[in-house]
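Understanding the architecture of this molecule
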Amino acid sequence: MLTMTDVIREGHPTLRKVADPLILPLTDDEKKLAYDMLEFLKNSQDAETAEKYDLRPGVGIAAPQLNVSKRMIAVHVPSDLPDETEPQFSDILINPKIISHSVKQTCLSEGEGCLSVDREVEGYVPRNKRIRIEYVDTEGNRQSRRLKDFPAIVVQHEIDHLNGIMFFDRIDPDNPMALPKDLEVLGYEED
Ligand code: FHF
Ligand code: ZN
């Protein structure tokens, strides 16, 4: 299983590379990595497993964070309703692309964090409120999804990793707490 020691940190050159597209069908190793990434997220969100293996709870992970410069991400966003067990969005995304997005932006009220960043970074990270994505799943099926709010923010954070972009690159360096006009702040679900 994957643990935090598999995750490369800020300063590692792979995090600044543009990752390569995957060639389909996936190799057995690539499929295993994909399933391991999704399993890592589920493990990290399970209080007992997270405590046992010292995992930081995550909703997304990108292959470059595991030092694999390929265009693969896993996303596991739990429901925000207390009695709903179905996740809001959970999948492995191969060669994901944002094909269109809203003009309206959003951001998390508490800012963002990253499994590859071991420090608190203050500031709003502007994201598109709604996105339409296309990707291939591990079965090789083409998928198209419309996402909004938190799941859309997570997918944008992950696709940024495929392009060598870190969340803090998007914070206004002169005024980290500046909110662009027509930007709606989303309450962060953590804590
Ligand atoms: C996270 N954790 O997953 C953050 C980090 C906005 O590239 O958001 O670095 F576990 C991927 C419910 C709500 C349950 C939030 C995208 C953040 C992506 C991982 N946790 C959560 C949860 C969380 C990063 N990452 C703070 C680790
Ligand atoms: Zn990240």
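Position numbers for residues count from 1 along each chain, tracking the sequence in the order it is written. Just so you know, chain letters begin at A and ligand numbers begin at 1, following the order they were written in. Reporting of local features is limited, given that this is a predicted model, to residues whose pLDDT is at least 70; pairs of side-chain atoms are given and counted only at 80 or more, and all residues count toward the totals for whole chains, interfaces and linings. Heavy atoms throughout the structure, all of them, feed into the side-chain values; hydrogens and water do not.

Keep this limit in mind: UniProt positions are given in the numbering used here, feature names are shortened, and annotations may be inferred rather than shown by experiment.
Within an unreviewed UniProt entry, the label attached to the protein reads Peptide deformylase, and the organism entered is Alkalibacterium kapii. Under the Catalytic activity (unreviewed entry) heading, UniProt states for the protein: "N-terminal N-formyl-L-methionyl-[peptide] + H2O = N-terminal L-methionyl-[peptide] + formate". Word for word, the UniProt comment on the protein under Sequence similarities (unreviewed entry) is "Belongs to the polypeptide deformylase family."

1. Digging into the nonpolar core
Under the convention used in this document: To form a nonpolar core, buried Ala, Val, Leu, Ile, Met, Phe, Trp, Tyr and Cys residues must be joined to one another through side-chain atoms within 4.5 Å. Per-residue accessibility, obtained with a 1.4 Å probe over protein chains only, is compared with the maximum for each type, and a residue is labelled buried under 20%, exposed over 50%, and partly exposed between these values. The helix and strand labels rest on DSSP assignments: H or I over at least four residues marks a helix, E over at least two residues marks a strand, and numbering proceeds from the N terminus. Contacts are assigned to residue pairs with any non-hydrogen atoms lying within 4.5 Å of each other.
Core analysis: the largest hydrophobic core is formed by 22 residues, its most contacted members being Met37, Phe40, Ile61 and Met72. When residues of this core are traced back to their parent elements, those giving at least two are helix H1 (28–45), strand S2 (72–77) and strand S3 (89–101). Leave out the neighbours within four places in its chain, and Ile61 touches Val7, Met37, Phe40, Leu41, Leu66, Ile73, Ala74, Leu115 and Glu158.

2. A word on the coordination of the zinc ion (ligand 2)
What counts, and what does not: In this description, a donor is an N, O or S atom within 2.8 Å of the metal centre, a cutoff extended to 3.2 Å for sodium, potassium and calcium. Water is not part of the atom list, which can make sites seem incomplete.
Summarising the metal site, the zinc ion (ligand 2) is bound by the protein donors Cys114 (SG), His157 (NE2) and His161 (NE2), whose distances to it range over 2.1 to 2.4 Å. In terms of primary sequence, the donors binding the zinc ion (ligand 2) are separated according to C-x42-H-x3-H. One end of the pair, Cys114, is in the loop between strand S4 (105–108) and strand S5 (127–128); the other, His157, is in helix H3 (residues 149–162), and 43 residues separate them in sequence.

3. Re H1
Selection criterion: To estimate the expected span of a helix, count its residues, drop one, and scale the result by 1.5 Å.
Between its first and last C-alpha atoms H1 spans 26 Å; for 18 residues at 1.5 Å apiece the expected length is 26 Å, and the two agree. As for H1, its buried residues are in contact with helix H2 (47–53), strand S1 (60–62), S2 and S3.

4. A few points about the sheet that holds S4
The strands that make up a sheet pair up through hydrogen bonds in the backbone, lying either parallel or antiparallel. Short version of the rule: Pairs of strands are assigned from DSSP output, requiring at least two bridges between the strands.
Here 3 strands make up an open sheet; going across it, the order is S5-S4-S8 and the pairing mixed. The open sheet has two edge strands with one neighbour each: S5 and strand S8 (183–186). In this sheet, S8 lies alongside S4 in parallel orientation, the contact comprising 4 bridges. Within the sheet, the bridge partner assigned to Gln105 lies in S8 and is Leu183.

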